[in-house]
Amino acid sequence: MNRFRHRWLWRVLDIVWLAGLAAYLLVGYNDVPFHGDESTLLFMSGDYYFVVQTREIDVVYYTDTPADPLEQDLRLINGTVGKMAMGFTWDMAGLTVHDLNGPWLWGAGWDWNVDNGHMPTDRLLHAGRLSSILLTVISVWAVFGTAWIVTGRRAAAWIAALVYTTTPAVVINGQRAMMDGAMLCFVALTALVAVIVAREQDRDSPRPRVLAVWYVLLGLAGGSAVASKHNAAVAVLAVFLALLLQPVIRRRVSWVCLVRLAAASALVFLTFLFWNPAWWTDITGMPGRVIELRSKLLDGQVEGYGGYDNAGERVAGLVRQAFSAKPQFYEVRAWKDYIGDQIDAYQNAGYGGRRGGWPWGIVIAGLTVTGLGALVARWREGPVLLVLVWLGLTALTLLILTPLEWQRYYLPLQAPVAVMAGTGAACIGMWGVRAARVRVRITRNKNG
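Residues numbered from 1 in each chain as written. Predicted model: local features only at pLDDT ≥ 70, side-chain atom pairs only at ≥ 80, totals over all residues. Heavy atoms only, no water.

*Asks:* Describe the environment of glycine 357, naming the residues involved and giving the relevant values.
*Replies:* Residue position: glycine 357 is located in the loop between α16 (336-348) and α17 (358-376). Along the sequence, glycine 357 and alanine 325 sit 32 residues apart, while their C-alpha atoms lie 6.2 Å from each other. With residues near it in sequence (within four places) discarded, glycine 357 still touches Ser324 and Lys326. (Helix = DSSP H or I, 4+ residues; strand = E, 2+ residues; numbered from the N terminus. Contact = heavy atoms within 4.5 Å.)

*Asks:* Tell me about the nonpolar core, and please be specific about residues and values.
*Replies:* In this structure, Val143, Tyr164, Tyr215, Phe240, Leu243 and Leu413 are the most contacted members of the largest nonpolar core, which totals 121 residues. A per-element tally of this core places helix α10 (residues 180-201) first, with 15 residues. Other than its neighbours up to four places away in sequence, tyrosine 164 contacts Ser139, Val140, Val143, Val170, Leu184, Gln414, Ala415 and Ala418. (Core = buried A, V, L, I, M, F, W, Y, C linked by side-chain atoms within 4.5 Å. Buried < 20%, exposed > 50% of the residue type's maximum accessible area, 1.4 Å probe, protein only.)

*Asks:* Explain the packing of α10 against helix α12 (residues 233-249) to me, using residue names and the numbers behind them.
*Replies:* The N-to-C vectors of α10 and α12 enclose an angle of 5°; their axes lie 10 Å apart at closest approach. One finds that α10 runs roughly parallel with respect to α12. Facing α10, whose interface residues are Val187, Thr190, Ala191, Ala194, Val197, Ala198 and Gln201, α12 presents Ala235, Val236, Val239, Leu243 and Gln246. Considering only residue class, the contact of α10 with α12 consists of nine nonpolar, three polar and no charged. (Axes fitted to C-alpha atoms, helices over the stretch in contact; angles between N-to-C directions. Parallel < 35°, antiparallel > 145°, perpendicular 65-115°, else oblique. Nonpolar A, V, L, I, M, F, W, Y, C, P; charged D, E, K, R; others polar.)

*Asks:* Can you break down the pattern of salt bridges residue by residue, with the values?
*Replies:* Counting across every chain of the model gives 16 salt bridges. The salt bridge partner of glutamate 38 is arginine 129, with a shortest N-O separation of 2.7 Å. In this pair, glutamate 38 is assigned in helix α2 (residues 36-44) and arginine 129 in helix α7 (residues 122-151), connecting sequence segments 91 residues apart. The partner of glutamate 200 in a salt bridge is arginine 203, and the shortest N-O contact between them spans 3.5 Å. Looking at arginine 203, the relative accessible area reads 38%, which means it is partly exposed. The structure contains a network of salt bridges with shared partners spanning Asp47, Glu71, Arg75 and Lys83. (Salt bridge = Lys/Arg side-chain N within 4 Å of Asp/Glu carboxyl O.)

*Asks:* So what's going on with a nonpolar patch on the surface? Which residues, and what values?
*Replies:* Side chains of Trp8, Leu9, Trp10, Val12, Leu13 and Val16 sit close together on the surface and give an oily, nonpolar patch of about 540 Å² of accessible area. Inspection of the secondary structure puts tryptophan 8 in helix α1 (residues 2-27). (Patch = residues over 30% accessible without salt bridge, like charges linked within 9 Å, V, L, I, M, F, W, Y side chains within 5 Å. Areas by Shrake-Rupley, 256 points an atom, 1.4 Å probe, with all protein chains shown as cover.)

*Asks:* So what about a positive patch on the surface? Which residues, and what values?
*Replies:* Together, Arg153, Arg434, Arg437, Arg441 and Arg444 make up a region of like positive charge exposed at the surface. Its place among the elements puts arginine 434 in helix α19 (residues 414-447). (Lys, Arg positive; Asp, Glu negative; His and termini not counted. Charge placed at Lys NZ, Arg CZ, Asp CG, Glu CD.)

*Asks:* Quick rundown of unusual backbone geometry? Include the residues and the values.
*Replies:* Positive phi values are uncommon outside glycine, yet arginine 55 reaches one of about 60°. Mapped onto the fold, arginine 55 is located in the loop between α3 (47-53) and α4 (69-77). You can call arginine 55 exposed: its relative accessible area is 70%. Backbone geometry at arginine 251 places phi at a positive 55°, although glycine is not the residue there. Residue position: arginine 251 is located in the loop between α12 and α13 (255-275).

*Asks:* So what about helix α9 (residues 168-175)? Which residues, and what values?
*Replies:* The buried fraction of α9 amounts to eight of the eight residues, a majority that puts the element mostly inside the structure. Taken as a whole, α9 has its buried residues at Pro168, Ala169, Val170, Val171, Ile172, Asn173, Gly174 and Gln175.

*Asks:* So what's going on with the side chain of serine 139? Residues and values would help.
*Replies:* On the secondary structure map, serine 139 appears in helix α7. Relative accessible area serves as the criterion here: at 0%, serine 139 is assigned to the buried category. A polar contact is formed between the side chain of serine 139 and the backbone oxygen of threonine 136, at a distance of 2.5 Å. The residues contacting serine 139, other than those within four sequence positions of it, are Tyr164, Leu184, Cys185 and Ala188. (Polar contact = N/O pair within 3.5 Å; in protein donor to acceptor, adjacent residues only side chain to side chain.)

This is the structure we're talking about:
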């Protein structure tokens, strides 16, 4: 009975901890400084009107002769899950498609956008942000669960969730009405489901029905992650690669394993298509078209704002964004003149997570390296292998493909880093407890 009460008490404390982290994220979402991409995503949430409210899905199909080329390009290069969630929340808030603003035109300037209806109303902005932050809260819970399964330690889960929740890039971009809340949510859920699959496959006798259910959920989560933001494909690829390697390492390769992975991969693709009706008219030609549009966008950003000049700068940027980066509220310097007061008020209220800088960076980096070392020693375990591959492939891909140091582009790295940091903190705590016990024993022996 005492053991049951003890376990029940800890479960309650887990819930209180997660509720507290959620409250921290929710309390500041209305005050996070505005970003122009919020206007664009809210504008694109108008697809909710066509797909859900009127069911005129053909309006969002790709065509060679679009009525509005800009709108179609935005539909192709941006994720769809976040904008549909925003459509749902403004619908529930009593707003209509006629309340939506126009997309933010970056070359036109702040005043022009405000004067010409490209700035959302406060009511619309808050409704859109609510969907994003709720999805970000779910990602916190998923990081908590992943760390617990991988380490088997509650302390690791608590610290991982805390590190993740206080990461400036997660807080700021997760609160804004952009794609990032949905991406963070479904990447974290994909990783959580994948470690559950890996744990089941580590059993001496894996249960086929249990695995079938979890593989279905893995396909749904993975497809939704890629549909949330295209860079989530890296995380999805990483967990599938780890699940492919797991039976090889344990010498349990069978056609059943391959069929499960193939079926889940197909479900990822089908789920992605479900979220992207714009692809339905030209499925085979769309990947190349999207890559071309994305490449042009990145080239324009590098040309306009500068990018990395060499590999050393890329490595330094990756390390900064993983551990010590300060909050990046804007990418265009002129925006400081327009949202500077919003930034000051937001930070003075204690929102936005850690302030960044090397003192925090050294702590987080130290915990991460400690956790990495502890997990590398257990790399043959399925859940551990999965997290190692997740972190390694994500970091490598970002290092190679990210052309400039914009904080949002490094968001996929934050969840695996938090899991590693939580693991490291738990290891240090365990070593401290063991050292204390040894000292007590030595003292007792001396006094005895």
